[in-house]
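# Close look at the chain arrangement
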Amino acid sequence: MSALLATLGVQIDPELLELALTHRSYAYEHGGVPTNERLEFLGDSILGQAVTVMLYRAYPRLDEGDLAKRRASLVSSVALAGIARGIGLGGYVRLGRGEILTGGRDKSSILADTVEALIGAVYLDSGGEVATAFVLRLIEPLLNDPGHFGVSMDPKTSLQEAAARLGSGAPVYLISESGPDHSKVFIATVTVGIVTATGEGTSKKHAEMAAALDAWTRLSTP
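Residues numbered from 1 in each chain as written. Predicted model: local features only at pLDDT ≥ 70, side-chain atom pairs only at ≥ 80, totals over all residues. Heavy atoms only, no water.

## What to know about the UniProt feature "active site" (unreviewed entry) in the chain
Note the following rule: UniProt positions are given in the numbering used here, feature names are shortened, and annotations may be inferred rather than shown by experiment. In DSSP terms, a helix is any run of H or I states spanning at least four residues, a strand is any run of E spanning at least two, and both are numbered starting from the N terminus. Three exposure classes are used, based on accessible area relative to the maximum for each residue type with a 1.4 Å probe and protein chains only: buried under 20%, partly exposed in between, and exposed over 50%.
Here the UniProt-annotated "active site" (unreviewed entry) positions come out as Asp44 and Glu116. These residues run over 73 residues, yet every pair of their C-alpha atoms falls within 5.5 Å of each other. Examined against the element boundaries, Asp44 turns out to sit in helix H4 (residues 37-58). Exposure remark for Asp44: the relative accessible area of 41% places this residue in the partly exposed category. Within the secondary structure layout, Glu116 lies in helix H8 (residues 108-126).

## Quick notes on the packing of aromatic side chains
How two aromatic rings sit relative to each other is set out by the distance from centre to centre and by the angle between their planes. For clarity, the cut-off: Pairing of aromatic side chains here covers Phe, Tyr and the six-membered ring of Trp, requires ring centres within 6.5 Å, and sorts the geometry by plane angle: under 30 degrees stacked, over 60 edge-to-face, intermediate tilted. Criterion for a charge above a ring: Arg CZ or Lys NZ at most 6 Å from the ring centre, at most 35 degrees from the ring normal.
Applying the stated rule across the entire model yields zero aromatic pairs. Its guanidinium or amino end placed over the ring of Tyr59, Arg70 lies 4.7 Å from that ring's centre, counting from NZ or CZ. Directly above the aromatic system of Tyr173 lies the positively charged group of Lys156, at a separation of 4.8 Å from the ring centroid.

## Looking at the nonpolar core
Formally: Here the nonpolar core consists of buried residues drawn from Ala, Val, Leu, Ile, Met, Phe, Trp, Tyr and Cys, with membership extended through side-chain atoms lying within 4.5 Å.
Residues Ile12, Leu89, Leu118 and Ile119 are the most contacted members of the largest nonpolar core, which totals 41 residues. Listing elements by their share of this core, those giving two or more residues are helix H1 (2-8), helix H2 (14-20), H4, helix H5 (64-75), helix H6 (77-86), H8 and helix H9 (128-143). At nine residues, H8 tops the list of elements feeding residues into this core. With 14 residues, the next largest nonpolar core counts Leu159, Ala163, Val190 and Ala212 among its residues.

## Structural notes on the environment of Arg105
Spelled out, the test is: Contact criterion: two residues are considered in contact whenever any of their non-hydrogen atoms come within 4.5 Å of each other. Polar contacts here mean pairs of N or O atoms no more than 3.5 Å apart (in protein, one a potential hydrogen donor and the other a potential acceptor; neighbouring residues in sequence count only if both atoms are side-chain atoms).
Relative to the helices and strands, Arg105 is located in the loop between helix H7 (97-101) and H8. The partly exposed category is assigned to Arg105, whose relative accessible area is 32%. Once the C-alpha coordinates of Arg105 and Glu64 are considered, the two residues, 41 residues apart in sequence, prove to be 36 Å apart. When neighbours within four sequence positions are excluded, Arg105 is seen to be in contact with Gly90, Gly91, Tyr92, Val93, Leu95, Ile100 and Leu111. At 2.9 Å, the side chain of Arg105 and the backbone oxygen of Gly90 are in polar contact. Looking at Arg105, its side chain comes within polar contact range of the main-chain oxygen of Val93, at 2.7 Å.

## Observations concerning the pairing of strand S3 (residues 195-201)
Worth spelling out the cut-off: When DSSP finds two or more bridges between a pair of strands, those strands are recorded as paired.
Along S3, the buried face is formed by Val195, Ala197, Gly199 and Gly201; none of Thr196, Thr198 and Glu200, which line the opposite face, is buried. Inspection of the sheet shows strand S2 (residues 185-192) paired to S3 by seven bridges, in the antiparallel sense. Counted as the bridge partner of Phe186 is Gly201 from S3. Between the end of S2 and the start of S3, which pair antiparallel, lie two residues, with Gly193 showing a positive phi angle near 60°.

## Some remarks on the environment of Ser73
Here Ser73 shows up in helix H5. Classification of Ser73 by relative accessible area gives buried; the value is 4%. Considering only alpha carbons, one finds Ser73 and Val51, 22 residues apart in sequence, at a separation of 10 Å.

Here's what the structure looks like:
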């Protein structure tokens, strides 16, 4: 845990850090111990606010629509999962055996949720100013990537172009759904050559965009 904190550049109370790293699959297999879902809820709000204020100040000439697109690209589950992979977060997440066996340590949804939980933990431990600085430090690599916003704003086209460039054939999407009618979640799976990626969203379009961005990221990573 000390190595993780050194990587994150923050201090978090050990019990709070353990909670932030506890996925519901681990809780289920260990007698219903508390999970990181409440911290994730809090962290999502802190993340959104920090990114919104930063973009508003950094891009005074952009209109509301462009600001919203940039914010969405920075707080997406794919972006957060990429951040998590960059700091090796998957190795620290407390998962149930079933999730471990099915590759849970590299699942974008789990990694993204854990990043949000960590943001919530930093906020509770050190306050809003430190949490905001932590968020901005996490997303800094994305801000410094000249291609990030273009890809994130139209990931399906970017993936199609990348597939054509690599000779991988056209992307193929499959959609499934779960949950009750009033709170349905769509899961998209896209296959491009030997790469398969998934994405979730509250609509088929958003799920496909998330899957396309994940697939593009995998294709573009050496």
